[in-house]
Amino acid sequence: MSPRVIVQKAREARLDIIAVTDHNMTENAPYVKELGERIGLIVLSGMELQTQEEIHLLAVFDEYDRARELQSMIYDLLPDVPNDTEFWGDQVVVDTEDNIVRSEDRLLINSAGISVEDAASWIKAHGGIAIASHIDSPTFSIISQLGFIPANISLDALEVRNIDKVGELKPFIMKQGTPFVTFSDAHYPDDIGRRRTVLTMDVPDCVGIENALKLMGERNIRTGQS
Amino acid sequence: MTVKELAAALDLEVLTGNINLDRQVGSGYTSDLLSDVIANIGDDAVWITIQRHVNILGVAKLKEVSAIIIPRNLALEEAFLVKAREEGIAVLKGSPSAFELSALIYNELKRGRGVA
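The rules we used
Residues numbered from 1 in each chain as written. Chains lettered and ligands numbered in written order. Predicted model: local features only at pLDDT ≥ 70, side-chain atom pairs only at ≥ 80, totals over all residues. Core = buried A, V, L, I, M, F, W, Y, C linked by C-beta atoms within 7 Å. Buried ≥ 20, exposed ≤ 12 C-beta atoms within 10 Å, placed from the backbone. Contact = placed C-beta atoms within 7 Å. Nonpolar A, V, L, I, M, F, W, Y, C, P; charged D, E, K, R; others polar. Axes fitted to C-alpha atoms, helices over the stretch in contact; angles between N-to-C directions. Helix = DSSP H or I, 4+ residues; strand = E, 2+ residues; numbered from the N terminus. Parallel < 35°, antiparallel > 145°, perpendicular 65-115°, else oblique. Left-handed = near helix turned anticlockwise from the far one by under 90°. pLDDT = per-residue confidence, 0-100. Pairing = 2+ DSSP bridges. Right-handed = clockwise from strand over helix to strand, strands pointing away.

**Observations regarding the nonpolar core**
Line of reasoning, step 1. Among the nonpolar cores identified, the biggest contains 60 residues, and A:L57 and A:A59 are the most heavily contacted of them.
Line of reasoning, step 2. Look past the residues within four positions of A:L57 in its chain and what remains in contact with it is A:L49, A:T51, A:V116, A:A119, A:A120, A:A130, A:A132 and A:S133.
Line of reasoning, step 3. Counting residues in each nonpolar core, the second largest holds 27 residues, with B:V3, B:I48, B:V59 and B:L101 among its members.

This is the structure we're talking about:
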């Protein structure tokens, strides 16, 4: 999953916007963004963070600087447990030429000491997009961990793996009007483009995305989907 | 005491054959949050959890858990057990709840050490 491969696969899959959301880490984003810019692919910076409750939450920003700020905060909240490279593999940052920039020593497959509510609030307060990851997954999802989605969490969207079955999730969602989205959640190059969400917006940035998602949510209420 | 002895004492069903049956049981930990287990489980521990997905095997291997013990006779998928055997991790199950199992195992360990 080097920046070069990611951008190439995204172009092949005819994606217009992608977000780089490594687990509790954002440093790969700028390299992907640099290569994306050369071919007109929009690359947003972010991470998939793991909250105290072991919920996965997507944080997406226009600017890498903002994402990097989140990473600093999250890093300090991760237990100081070292990565076992033999077991988990290396946690690397890779540049545009496929060179390894650095390897992270602290175990990133871990929970940061922050609640899902506080994490979502931070993301929104810093101009980002907060999306609950794979809510229909039996593991690491807000529904698997809490049993339901509380109304007081500031989420722009709920990501699902199976967009055709969102009706089954309604009983578990306390607030109406949060739109459902689906993404590749690519862990390997061939995953890229396997799922996508189409949004219409004037400007393809986080504000544009947020507004498009809001409209989608409102439409869902009117059509009874949310 | 060994995993085998603990299983016999508490009538726990062994689901992974001979794997780790002779491992010593030095402690126990009861938690369903993987990050919590990674941070806090002790040595030669039996891990009592209702989580039954393959990710827990990674954690069990990382922390060299003596055995995973599933409460309430909860159903386990064959794919999970296959993976457990592949990874060399002992998986047991019993009918009591996690709370009850914790108490029973705690007492067994205390008895074994002859400590009040």
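What follows picks up the thread again.
**Observations regarding the interface of chain A and chain B**
Line of reasoning, step 1. Taken residue by residue, the interface counts nine residues in chain A and nine residues in chain B.
Line of reasoning, step 2. Among the residues making up the side of chain A that touches chain B, the classes are represented as four nonpolar, three polar and two charged.

**Details of the packing of helix α1 (residues 3-12) of chain A against helix α2 (residues 29-38) of chain A**
To characterise two packed helices, one gives the angle between the axes of the helices and the distance between these axes.
Residue and element names in this part refer to chain A.
Line of reasoning, step 1. With their axes 9 Å apart at the nearest point, α1 and α2 run at an angle of 45 degrees to one another. Taken together, the axes of α1 and α2 lie oblique to each other. Here α1 runs over α2; the crossing is right-handed. Contact residues: P3, R4, I6 and V7 in α1; Y31, V32, L35 and G36 in α2.
Line of reasoning, step 2. Here the residues of the contact of α1 with α2 are counted per class, giving six nonpolar, one polar and one charged.

**What to know about unusual backbone geometry**
Line of reasoning, step 1. Phi angles above zero are rare outside glycine, and A:D98 is one such case at about 65 degrees.
Line of reasoning, step 2. Mapped onto the fold, A:D98 is located in the loop between β4 (92-94) and β5 (100-103).
Line of reasoning, step 3. The residue B:E64 is not glycine, and still its phi comes out positive at about 50 degrees.
Line of reasoning, step 4. Assignment of secondary structure puts B:E64 in the loop between α3 (55-62) and β4 (67-70).
Line of reasoning, step 5. Classification of B:E64 as partly exposed rests on a count of 13 C-beta atoms within 10 Å.

**Overview of the confidence of the model for chain B**
Line of reasoning, step 1. Across chain B, the average pLDDT comes to 94, with 97% of residues at 70 or higher.
Line of reasoning, step 2. Confidence metrics for the complex model read pTM 0.91 and ipTM 0.79.

**Some thoughts on the sheet that holds strand β1 (residues 13-14) of chain B**
All names here are of chain B.
Line of reasoning, step 1. Taking strand neighbours across the sheet as the criterion, the five strands line up as β1-β5-β4-β3-β2 in an open arrangement whose pairing is mixed. At either end of the open sheet lies a strand with only one pairing partner, and these are β1 and β2 (27-30).
Line of reasoning, step 2. By the bridge criterion, three bridges tie strand β3 (residues 45-48) to β4 in an arrangement that is parallel. When the sheet's bridge partners are listed, I48 is paired in β4 with I69.
Line of reasoning, step 3. On the sheet, helix α5 (residues 98-113) packs against β2, β3 and β4 and is oriented at approximately 170 degrees with respect to β2.

**Some thoughts on the environment of B:A79**
Line of reasoning, step 1. Relative to the assigned elements, B:A79 resides in helix α4 (residues 78-87).
Line of reasoning, step 2. Spatially, the C-alpha atom of B:A79 lies 24 Å from that of B:A45, the residues being 34 residues apart in sequence.

**Observations concerning the environment of B:Y106**
Residue and element names in this part refer to chain B.
Line of reasoning, step 1. Following the sequence through the fold, Y106 ends up in helix α5.
Line of reasoning, step 2. Given 13 C-beta atoms within 10 Å, Y106 falls into the partly exposed group.
Line of reasoning, step 3. Taking the C-alpha atoms as reference, Y106 lies 23 Å from N18; in sequence the two are 88 residues apart.

**With respect to the sheet that holds strand β2 (residues 42-50) of chain A**
Remark on secondary structure: sheet strands pair via backbone hydrogen bonds, oriented parallel or antiparallel.
All names here are of chain A.
Line of reasoning, step 1. With respect to topology, six strands assemble into an open sheet ordered β1-β2-β3-β6-β7-β8, the strand pairing being mixed. In this open sheet, the two strands that pair with only one neighbour each are β1 (17-23) and β8 (180-181).
Line of reasoning, step 2. When β2 meets strand β3 (residues 56-61), the two strands line up antiparallel, connected through six bridges. Looking at the pairing, E48 lines up with L58 of β3.
Line of reasoning, step 3. On the sheet, helix α5 (residues 116-125) packs against β2, β3 and β6 (129-132) and is oriented at approximately 10 degrees with respect to β3.

**Focus on the packing of helix α1 (residues 3-10) of chain B against α5(B)**
Residue and element names in this part refer to chain B.
Line of reasoning, step 1. Where α1 contacts α5, the two axes come as close as 11 Å, and the packing angle between them is 120 degrees. Between α1 and α5, the angle falls in the class oblique. For the pair α1 and α5, the crossing hand works out as right-handed. Here L6, A9 and L10 of α1 lie close against α5, whose contacting residues are L104, I105 and E108.

**Here we look at the pairing of β2(B)**
All names here are of chain B.
Line of reasoning, step 1. Residues of β2 alternate between two faces, with G28 and T30 buried on one and S27 and Y29 left unburied on the opposite face.
Line of reasoning, step 2. Across four bridges, β2 lies against β3 in parallel orientation. Within β3, the position partnered with G28 by the bridge is V46.
Line of reasoning, step 3. For the segment spanning β2, helix α2 (residues 34-40) and β3, crossover handedness is right-handed.

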